[in-house]
Each structure stands twice: as C-alpha cells, then as structure tokens.
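A look at the structure
Spelled out, the chains give:
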Amino acid sequence: MEIRKVRLCTPWTEPQVLWEGRAPELIISDFGAVLQGGVSSNSAVRPGTWRLGLLEGPMPPEGLRSLVLAAPERPERLDLPKYDRAALLDIEGERLTLIQGDGAIVRIQLSGVAWLFAAQQSFSIEKQRICFRQSENFVFLEGFYTSTFLPTKQEDEVIGTLPATCRP
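Residues numbered from 1 in each chain as written. Predicted model: local features only at pLDDT ≥ 70, side-chain atom pairs only at ≥ 80, totals over all residues. Heavy atoms only, no water.

Naming follows an unreviewed UniProt entry, where the chain appears as EF-hand domain-containing protein of Cladocopium goreaui.

Right, here's the structure in full:
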C-alpha cells in the first residue's frame, strides 16, 4: 500500500482537524484507491464549481463523481463540524473539482471516496444505465439514478436487480 498527499488549490489550503489532523491523502493498493481526509477553506465558498486540487497517482479509469459531506460554518469546536450539506467531487485526470449548489460551505469530508482499477461493466435499472467495477470481493456501483416518480407509500421500492456476481 502506498500513500500520497493531495495538492490543494486556494482557498482550500487548511487541513481540517480530522483523521488525526492529517491533510487529505490518496491511499493506493493493487486493485484500487481511496481518497480520505478533511479540507477547510479560509472563507465561505459560495455555490458554484471550484478547483479543489490535484492528485498524483493512479486515477479512476473513466473519471469519478462522488458525493461528499460538507459543513456550512466553522463551529467553536473545530473538531466537531456540522456536516448537513453535500457537494459533488469530480475527479477527471489528476484534477479534483468541487461542485456545490446549496448555500455556502467551509468544510468538506473526503472519506468514502474510492475507486477500483477493474474494467467497467453495466446493467440496467429502470432503463437507466448504471455501471459497476469488480475486483476480487469488492464491487463499486457507479452512476446516478434519477426519477421523477416519488412513491406515495412509506414502503421499500424495488428499482432493479444487481447482477449475481455483485450481490452481497
């Protein structure tokens, strides 16, 4: 396993007190990579698209869009931010871009951003193409499910079936 640092752009220059105070890092293995850590801004970032930084290392094969947690303020307790917003993190090549559209944010949390180097495969969910990658026992789903239909009952709704090799 190899660990590499992430080069941040302004205003994303201050490591957040998270993951033992370490700056964001990319952890690389033989079959995939994980981006983790926390990032703070020196001032509030208004809705829009912002360059977050650059990665050095194996990138997602076709790019990646991942949802990350965001916090709108700097609370008095810097170690307990209130993550009640979300932002989209785009990884294309070595560039990290942050897209957010709901109010100002000051912090983001990068935990849970991961990808596999395996080939992309696809399957359909309600006529929408969703992709997955599989490497050994790991399976990652990729893509977005959009629907204008909201169920009227408070029940689970089946929207599709995973391929047999992807099931837990």
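What follows continues from the structure just given.
**Examining the overall build of the chain**
Helix and strand counts for the chain stand at zero helices and 15 strands. Burial status across the chain gives 38% buried among its 168 residues. Within the chain, residue pairs in contact and separated by at least 24 positions form 62% of the contacts whose partners lie at least 6 positions apart. Element-wise, carbon and sulfur atoms account for 52% of the exposed surface of the chain, whose accessible area totals about 10,100 Å². (Helix = DSSP H or I, 4+ residues; strand = E, 2+ residues; numbered from the N terminus. Buried < 20%, exposed > 50% of the residue type's maximum accessible area, 1.4 Å probe, protein only. Contact = heavy atoms within 4.5 Å. Areas by Shrake-Rupley, 256 points an atom, 1.4 Å probe, with all protein chains shown as cover.)

**With respect to the sheet that holds strand β4 (residues 25–28)**
Strand order in this open sheet of four strands is β1-β4-β5-β12, and the pairing throughout is antiparallel. Of all the strands in the sheet, just β1 (2–5) and β12 (113–116) have a single pairing partner and so form its edges. Strand-to-strand twist in this sheet, taken as the mean axis angle between neighbours without regard to direction, amounts to 15°. In this sheet, β12 lies alongside strand β5 (residues 32–36) in antiparallel orientation, the contact comprising four bridges. Across the sheet, residue Leu35 finds its bridge partner in β12, namely Val113. (Pairing = 2+ DSSP bridges. Axes fitted to C-alpha atoms, helices over the stretch in contact; angles between N-to-C directions.)

**Things to note about the nonpolar core**
Counting 23 residues, the largest nonpolar core has Leu35, Leu89, Ile91 and Trp115 as the members making the most contacts within it. If you list the elements that add at least two residues to this core, you get β4, β5, β6 (38–45), β8 (64–71), β9 (85–92), β10 (95–100), β11 (105–109) and β12. (Core = buried A, V, L, I, M, F, W, Y, C linked by side-chain atoms within 4.5 Å.)

**A closer look at the pattern of salt bridges**
One pass over the full model with this rule turns up four salt bridges. Between Arg4 and Glu2 there is a salt bridge; the shortest N-O distance is 2.5 Å. Classification of Arg4 as partly exposed rests on a relative accessible area of 27%. What makes Glu2 partly exposed here is its relative accessible area of 36%. Across the pair Arg65 and Asp90 runs a salt bridge, and its minimum N-O distance is 2.8 Å. Within this pair, whereas Arg65 is found in strand β8, its partner Asp90 is found in strand β9, the two being separated by 25 residues in sequence. According to the relative accessible area criterion, Arg65 is partly exposed, its value standing at 40%. (Salt bridge = Lys/Arg side-chain N within 4 Å of Asp/Glu carboxyl O.)

**As for unusual backbone geometry**
Note: most residues except glycine have negative phi, and most peptide bonds are trans. Following Thr10, the chain continues into Pro11 via a peptide bond in cis, with omega recorded as 5°. Relative to the elements of secondary structure, Pro11 occurs in the loop between β2 (7–8) and β3 (14–15).

**Concerning the environment of Ile130**
Within the secondary structure, Ile130 is located in strand β14 (residues 128–135). In the structure, Ile130 is positioned eleven residues away from Leu141 in sequence and 7.2 Å away in space, judged by C-alpha atoms.

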